[in-house]
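Notes for the structure review
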Amino acid sequence: MSEVRLGLRENLGQFTLLVVVNAFVGAMVGMERTILPPIAEQEFHLAARTAVLSFIVVFGVTKALTNYLAGRLSDRFGRKHVLVGGWLVAAPVQFLLMWAPSWNWVLFANALLGVSQGLTWSTTVIMKIDLAGPAKRGLAMGWNEFAGYVAVAGSALATGFIAARYGLRPEPFYLGVGFVAVGLLLSVLVVRETRHHVAAESKLHGALPPEGMPTQREIFWRTSLLDRNLSSVSQAGLVNNLNDGMAWGLFPIFFAAARMDLGQIGTLAAIYPATWGVSQLFTGAWSDRVGRKWLIAAGMWVQAVGIGAVVVSSGFVGFAAGAALLGVGTAMVYPTLLAAIGDVAHPSWRASSVGVYRLWRDLGYAVGALLAGVTADALGLPAAMWLVAGLTFASGLVVAVRMSETLRRPGVPSRPEPTCVEPVELQATSNAVIVDVRSPDEYAAGHVDRAINIPLEALSRRASELPRHVLVVTVCGKGGGRSDRAAAELRSLGFDSARSLCGGTQAWMQRAARGT
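On a predicted model such as this, the values are computed, not experimentally measured, just so you know.

**Examining the overall build of the protein**
Along its length, the protein carries 21 helices and 4 strands. Taken over C-alpha atoms, the radius of gyration comes to 25 Å for the protein, in line with the 24 Å a tight globule of 516 residues would show. Each principal axis of the C-alpha distribution contributes one length, and for the protein these read about 90 × 55 × 40 Å. Within the protein, contacts between residues separated by at least 24 positions form 83% of all contacts whose residues are at least 6 apart in sequence. Carbon and sulfur atoms make up 64% of the accessible area of the protein, which totals about 20,200 Å². Put simply, the protein has 43 plus and 33 minus side-chain charges, and the middle of one group is 3 Å from the middle of the other.

And the structure:
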């Protein structure tokens, strides 16, 4: 096997191929952006906004859950196998949508589409991160999302014009058959596995020892809540797709109420993802220069302004301007969030962390569709859209307050992890809080003087019992392993001085036996 090298230039052929594959992935979703809401109203006679938006709820939930599994499956079985499996799941979707005799068949097709998108889009993201390495991660994600969402826009535009000329079904869905065929063939015949690149980056990053590898449960909670950076990214991703779910479901109905025809609705449905997609070519690379945090916060605020602009407008020009602003704001956020995950997560568990992030992000589709549908039925379309705009603005505030900058500047060494505390140093520190993270039985068999017992699995929920402004020392049996993981978890929760005990309980006992 040839030498594995990291970088976009070094892996240009495979990277470009994955960009093309992701364009076909995005095109599959774009077909629904223009025509499914009209199909719901005109062919299946659904009146309630919540019912009309039910296809987005199904899509969002299945895609979100599959995202989580895709990360774990990619780590376990390899990226390429997961990618090919995603295309196979997509194969029947277009035929179901063409000939669905009832709305439940449409919902089933969207469940399959959600599974397919979770497998295919997740793995193309992970594979590009693998290939790019740390230096150009933002640029890599910009190209990935550019390809996907320009394809969403092109597909939405094409299906809108085909539907205006030939009808809502089946002709617009013929495109999807070709998208699946080409995407599957490229993935099977030309795409190569990228796990060797993960091993190469791990050596540069600092490989984890087996006992230092976090469990899937720890990765889930770290990405969802405990790590200030990873959890800030996760909530921003959820709210971003919450407003996208609203735009997907309510914008076509809002535009139709303003007397836009199908061709105009198709154009407006394309402006948002087209602006989003093209702008990501610049915003992804920009985040490699200016950093992640403030680009994310500002992007959420621009999205909120864009939604507001749509609500207060009454004609095509105003709608187009608002959709473009929403696209620019989303472009500032989307690749930057993925790049930030890559900054923080170790290569050995990065795919799993990306899966957790994409779980929360794509649950935003379901949350947004439900929230927008219920609010629109109760209070009207403008109220639902204003509510989503407010939530989007608030998400930007969370990033501004809670998140720190994750980009590591070239030539600037990253801050080293705190070293462990030697037993002699701990003995001389009278005000340290010592936390034995072993099981109660292990603790009872012998422990460091003054140590309290909080098992590792209970640490996150009992951390509030510990003082924040003193040295916190975590202890296990022989040092490293559980105590290192506990100290890292406490630091992610704001206990900046948390360190483990060198040699653990065993070293402490040996020193005590010597009387030193």
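**Some words on the side chain of aspartate 288**
Residue position: aspartate 288 is located in helix H12 (residues 262-290). Overall, aspartate 288 belongs to the buried group, its relative accessible area being 15%. Here arginine 292 takes part through its side chain, which lies 3.0 Å from a polar atom of the side chain of aspartate 288.

**Brief notes about the pairing of strand S3 (residues 472-475)**
A regular strand carries its side chains on alternate faces of the sheet. The side-chain alternation of S3 yields two buried faces, one formed by Val472 and Thr474 and the other by Val473 and Val475. As paired elements, strand S1 (residues 433-436) and S3 share 4 bridges and run parallel to each other. The partner of valine 435 across the bridge, within S3, is threonine 474. Across 2 bridges, S3 lies against strand S4 (residues 499-500) in parallel orientation. Its bridge partner being in S4, valine 473 is matched across the sheet by arginine 499. For the segment spanning S3, helix H20 (residues 482-492) and S4, crossover handedness is right-handed.

**Section: the state of the cysteines**
Disulfides are covalent bonds that link the sulfur atoms of two cysteine residues. This structure, assessed with the given rule, holds 1 disulfide. Each sulfur in the disulfide pair cysteine 420 and cysteine 502 lies 1.9 Å from the other. Here the S-S torsion is close to 100°, and the disulfide linking cysteine 420 with cysteine 502 is therefore right-handed. Note that cysteine 420 is positioned in the loop between helix H16 (381-402) and helix H17 (423-427) and cysteine 502 in the loop between S4 and helix H21 (504-514), a separation of 82 residues in sequence. The structure places no disulfide on cysteine 476, whose sulfur is separated from the nearest cysteine sulfur, that of cysteine 420, by 11 Å.

**Considerations on the pattern of salt bridges**
Taken as a whole and judged by the stated rule, the model has 10 salt bridges. Between glutamate 218 and arginine 485 there is a salt bridge, with its nearest N and O atoms 3.0 Å apart. Within this pair, whereas glutamate 218 is found in helix H10 (residues 216-226), its partner arginine 485 is found in helix H20, the two being separated by 267 residues in sequence. The buried category is assigned to glutamate 218, whose relative accessible area is 16%. A single network of salt bridges, built from pairs that share partners, joins Lys63, Arg361 and Asp362.

**Side note on a nonpolar patch on the surface**
On the surface, Leu185, Val188, Leu189 and Val190 cluster together into a nonpolar patch covering about 370 Å² of accessible area. Locating leucine 185 in the fold gives a position in helix H8 (residues 174-189). What makes leucine 185 exposed here is its relative accessible area of 53%.

**Some thoughts on the confidence of the model for the protein**
The predicted model of the protein has a mean per-residue pLDDT of 85, with 92% of residues at 70 or higher. A low-confidence stretch, residues 206-211 (pLDDT under 50), is modelled with 10 contacts involving residues beyond four sequence positions or located in other chains. Here residues 412-417 scores under 50 on pLDDT; set against residues more than four positions off or in separate chains, the count is 2 contacts.

**Description of the nonpolar core**
Membership of the largest hydrophobic core comes to 115 residues, with the highest contact counts inside it found for Met28, Trp103, Met246, Leu250, Phe251, Phe255 and Met385. Take this core: its biggest share by element is 14 residues, from helix H1 (residues 12-42). Once residues lying within four places of it in the same chain are set aside, the contact partners of phenylalanine 251 are Met246, Val310, Leu326 and Met385. In terms of nonpolar packing, the next biggest core, distinct from the first, is built from 17 residues, Ala458, Cys476, Leu490 and Phe495 among them.

**Remarks on the packing of H1 against H8**
Contact geometry for H1 and H8: axes closest at 9 Å, N-to-C directions at 155°. Of the possible angle classes, the one that applies to H1 and H8 is roughly antiparallel. H1 and H8 meet at a crossing whose hand is left-handed. Facing Leu17, Val20, Val21, Phe24, Ala27, Met28 and Met31 of H1, the residues of H8 in contact are Leu175, Gly176, Phe179, Val180, Val182, Leu186 and Ser187. Its residues assigned to classes, the contact of H1 with H8 shows 12 nonpolar, 2 polar and no charged.

**What to know about the packing of aromatic side chains**
Going through the model one piece at a time under the given rule, you end up with 12 aromatic pairs. For the pair phenylalanine 55 and tryptophan 103, a centre-to-centre distance of 6.1 Å together with 90° between the ring planes defines the contact as edge-to-face. One end of the pair, phenylalanine 55, is in helix H3 (residues 54-77); the other, tryptophan 103, is in helix H6 (residues 103-132), with 48 residues separating them in the sequence. A residue is classified by how much of its surface remains accessible, and tryptophan 103, at 10% relative accessible area, is buried.

**Let's talk about the side chain of glutamine 303**
With respect to the helices and strands, glutamine 303 occurs in helix H13 (residues 293-312). The contact partners of glutamine 303, leaving out residues within four places of it in the chain, are Asn240, Asn243, Leu326, Gly329, Thr330, Val333 and Thr392.

**A short note on empty space enclosed by the protein**
Space left empty within the atom packing is revealed by a probe, the size of a water molecule, rolled over the atoms. Counting across every chain of the model gives 2 cavities of 30 Å³ or more. Put simply, the largest cavity is a space of about 80 Å³. Surrounding the largest cavity, Arg33, Ala247, Trp248, Phe251, Pro252, Phe255, Leu268, Ala269 and Tyr272 form its lining. In terms of residues, the lining of the largest cavity owes the most to one element, helix H11 (residues 228-257), which gives 5 residues. Considering only enclosed or pocket space, the second largest cavity measures out at about 50 Å³ in volume. For the lining of the second largest cavity, the secondary structure elements donating two or more residues are H1, H3, H6 and helix H7 (137-166). Of the residues assigned to the lining of the second largest cavity, the class counts are 6 nonpolar, 1 polar and 2 charged.

Parameters at a glance
- Residues numbered from 1 in each chain as written.
- Predicted model: local features only at pLDDT ≥ 70, side-chain atom pairs only at ≥ 80, totals over all residues.
- Heavy atoms only, no water.
- Helix = DSSP H or I, 4+ residues; strand = E, 2+ residues; numbered from the N terminus.
- Rg over C-alpha atoms; globule rule 2.2 N^0.38 Å.
- Contact = heavy atoms within 4.5 Å.
- Areas by Shrake-Rupley, 256 points an atom, 1.4 Å probe, with all protein chains shown as cover.
- Lys, Arg positive; Asp, Glu negative; His and termini not counted.
- Charge placed at Lys NZ, Arg CZ, Asp CG, Glu CD.
- Buried < 20%, exposed > 50% of the residue type's maximum accessible area, 1.4 Å probe, protein only.
- Polar contact = N/O pair within 3.5 Å; in protein donor to acceptor, adjacent residues only side chain to side chain.
- Pairing = 2+ DSSP bridges.
- Right-handed = clockwise from strand over helix to strand, strands pointing away.
- Disulfide = S-S within 2.5 Å.
- Salt bridge = Lys/Arg side-chain N within 4 Å of Asp/Glu carboxyl O.
- Patch = residues over 30% accessible without salt bridge, like charges linked within 9 Å, V, L, I, M, F, W, Y side chains within 5 Å.
- pLDDT = per-residue confidence, 0-100.
- Core = buried A, V, L, I, M, F, W, Y, C linked by side-chain atoms within 4.5 Å.
- Axes fitted to C-alpha atoms, helices over the stretch in contact; angles between N-to-C directions.
- Parallel < 35°, antiparallel > 145°, perpendicular 65-115°, else oblique.
- Left-handed = near helix turned anticlockwise from the far one by under 90°.
- Nonpolar A, V, L, I, M, F, W, Y, C, P; charged D, E, K, R; others polar.
- Phe/Tyr/Trp six-rings, centres within 6.5 Å; stacked < 30°, edge-to-face > 60°.
- 1 Å grid on protein atoms, 1.4 Å probe; cavity = no way out; pocket = protein on both sides within 12 Å on 5 of 7 lines; lining within 4 Å.
- Points joined across faces, edges and corners; volume = space filled by probe spheres on them.

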